Amino acid sequence: MSAALGLDFEETVVEVGGAYEVMKWDSHTAIDVLAGARYWHQEVSVNLALAGTLDVGDLEISRGFAAARSGSVDWIDPVVGARLRYNLAPRHDVMLRGDVGGFGVGSQFSWNALAAYSFTFAKQDGVTYSGLLGYRALSADYEQGSGRTRYVYDQVMHGPISGLTIGF
């Protein structure tokens, strides 16, 4: 008898938005307000395979069974938040950022908290390109459907993050 079970889960989260500086003091510290959207895509597939052989004397019986199921879900959360920036040196900032979103439009509620170091590595034609290294916690409480088609995602993810920021 042999059995194999496979489970694949893929998740993509993409954010777009804007920031506006509302307060600046001592030429190093600033507070920005943020607004935007967070797009979520999740895909899962499950595979099960069973095979068995019964050998009785000169009689051999083999039987196999396989099943597979997959699906995906997408949603968009509006988000609003704030960011505290401190300029360490020209082109080098540390920041704390927090936002909330969902509001029943996509997920019921989502939140994000980020502590990061940002460094500008290029400026060209009025566009600023910055790298980002930090630690992030991201949560969403999403639900859709009912009965056998009900999908619930209520998760907090956290860990190191790297990214790219493009400013206009």
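Notes on the structure in this doc start here. Note that this is a predicted model, so its numbers are computed, not measured.

Details of a nonpolar patch on the surface
In step 1: Side chains of Met 1, Leu 5, Leu 7, Phe 9, Val 44, Val 46, Leu 48, Leu 50 and Phe 65 sit close together on the surface and give an oily, nonpolar patch of about 910 Å² of accessible area.
In step 2: Take the nonpolar patch: its biggest share by element is 4 residues, from strand S2 (residues 29-56).
In step 3: As for its position among the elements, Leu 50 is in strand S2.
In step 4: Under the relative-accessibility criterion, Leu 50 is labelled partly exposed at 30%.

Examining the nonpolar core
In step 1: Counting 7 residues, the largest nonpolar core is built from Trp 40, Val 73, Trp 75, Leu 138, Ala 140, Tyr 142 and Tyr 153.
In step 2: Elements with a minimum of two residues in this core: strand S3 (59-89) and strand S6 (127-144).
In step 3: Sorting elements by how many residues they give to this core places S6 first, with 3 residues.
In step 4: Leave out the neighbours within four places in its chain, and Trp 40 touches Glu 11, Thr 12, Val 13, Val 73, Asp 74, Trp 75, Asp 77, Leu 138, Ser 139, Ala 140, Tyr 153 and Met 157.

Here's the deal with the side chain of Arg 136
In step 1: Secondary-structure assignment places Arg 136 in strand S6.
In step 2: Within the local environment of Arg 136, its side chain forms a polar contact with the side chain of Asn 112, the two groups lying 2.6 Å apart.
In step 3: For Arg 136, the residues in contact, after removing those within four places along its chain, are Glu 15, Arg 38, Asn 112, Ala 113, Leu 114, Met 157, His 158, Gly 159 and Ile 161.

Reading the values: the criteria
Residues numbered from 1 in each chain as written. Predicted model: local features only at pLDDT ≥ 70, side-chain atom pairs only at ≥ 80, totals over all residues. Heavy atoms only, no water. Patch = residues over 30% accessible without salt bridge, like charges linked within 9 Å, V, L, I, M, F, W, Y side chains within 5 Å. Areas by Shrake-Rupley, 256 points an atom, 1.4 Å probe, with all protein chains shown as cover. Salt bridge = Lys/Arg side-chain N within 4 Å of Asp/Glu carboxyl O. Helix = DSSP H or I, 4+ residues; strand = E, 2+ residues; numbered from the N terminus. Buried < 20%, exposed > 50% of the residue type's maximum accessible area, 1.4 Å probe, protein only. Core = buried A, V, L, I, M, F, W, Y, C linked by side-chain atoms within 4.5 Å. Contact = heavy atoms within 4.5 Å. Polar contact = N/O pair within 3.5 Å; in protein donor to acceptor, adjacent residues only side chain to side chain.

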